[in-house]
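Observations on chain architecture
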Amino acid sequence: MKHIKLFEAFNNSLHKKILKFVESTKTYMEVYDEDDTEEILLTTRDNGNVGDETAGDADIKEAGRVQKLIKKKFPDLIVDIEEVDEWVHLNIRDEE
């Protein structure tokens, strides 16, 4: 039980550090669920086309910018960009 609590404390600490770093990037992407400690999902559709269900180039570019910053600061994280209809998601998780 003690090991589980230590692991959870480490995960929560890393999770908070990542969220704080993301905030410092001044991105307009939004955190989908701050309480999800297994994965951080940033999302936007600010520049997507809802009618055509296509992601916006500016949103894809912003996700790429934030992805590079996160990978530089936290090289052990897996950071993937995903386009879903007009949405652009940035999935951040610890190595599996």
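For the structure itself, consult the block above.
In short, a report on the structure. (Residues numbered from 1 in each chain as written. Predicted model: local features only at pLDDT ≥ 70, side-chain atom pairs only at ≥ 80, totals over all residues. Heavy atoms only, no water.)

**Here's the deal with the sheet that holds strand β1 (residues 30-31)**
- Taken in spatial order, the four strands line up as β1-β2-β4-β3 in an open sheet, and their pairing is antiparallel. What marks the edges here is a single partner per strand, and that holds for β1 and β3 (77-84).
- Across five bridges, the pairing between strand β2 (residues 40-44) and strand β4 (residues 87-94) is antiparallel. What sits directly across from Leu-42, in β4, is Leu-90.
- Along the sheet, helix α2 (residues 57-73) makes contact with β2, β3 and β4, crossing β3 at roughly 175°. (Pairing = 2+ DSSP bridges. Helix = DSSP H or I, 4+ residues; strand = E, 2+ residues; numbered from the N terminus. Contact = heavy atoms within 4.5 Å. Axes fitted to C-alpha atoms, helices over the stretch in contact; angles between N-to-C directions.)

**Observations concerning the packing of aromatic side chains**
- Tallied over the entire structure, the rule returns one aromatic pair.
- Look at Phe-21 and Phe-74: their rings are 5.8 Å apart centre to centre, the planes differ by 80°, and that puts the pair in the edge-to-face class. Here Phe-21 is found in helix α1 (residues 2-24), whereas its partner Phe-74 is found in the loop between α2 and β3, with 53 residues between them in sequence. Per residue, the accessibility class of Phe-21 equals that of Phe-74, and both read buried. (Phe/Tyr/Trp six-rings, centres within 6.5 Å; stacked < 30°, edge-to-face > 60°. Buried < 20%, exposed > 50% of the residue type's maximum accessible area, 1.4 Å probe, protein only.)

**A word on the environment of Leu-19**
- Along the polypeptide, Leu-19 turns up in helix α1.
- With 21 residues separating them along the chain, Leu-19 and Ile-40 place their C-alpha atoms 8.2 Å apart.
- Once residues within four sequence positions are removed from consideration, Leu-19 is found in contact with Val-31, Glu-34 and Ile-40.

**A closer look at the nonpolar core**
- Membership of the largest hydrophobic core comes to 18 residues, with the highest contact counts inside it found for Ile-18, Leu-42, Ile-70, Phe-74, Leu-77, Leu-90 and Ile-92.
- Among the secondary structure elements, those contributing two or more residues to this core are α1, β2, α2, β3 and β4.
- It is α1 that contributes the most residues to this core, five residues altogether.
- With residues up to four places along the chain from it excluded, the contact list for Ile-18 reads Ile-40, Phe-74, Leu-77 and Ile-92. (Core = buried A, V, L, I, M, F, W, Y, C linked by side-chain atoms within 4.5 Å.)

**Some thoughts on the environment of Glu-95**
- For Glu-95, the position within the fold is in the segment after β4.
- Here the alpha-carbon distance between Glu-95 and Val-79, two residues 16 residues apart in the chain, equals 9.7 Å.
- Aside from chain neighbours lying at most four places away, what touches Glu-95 is Asp-76 and Ile-78.

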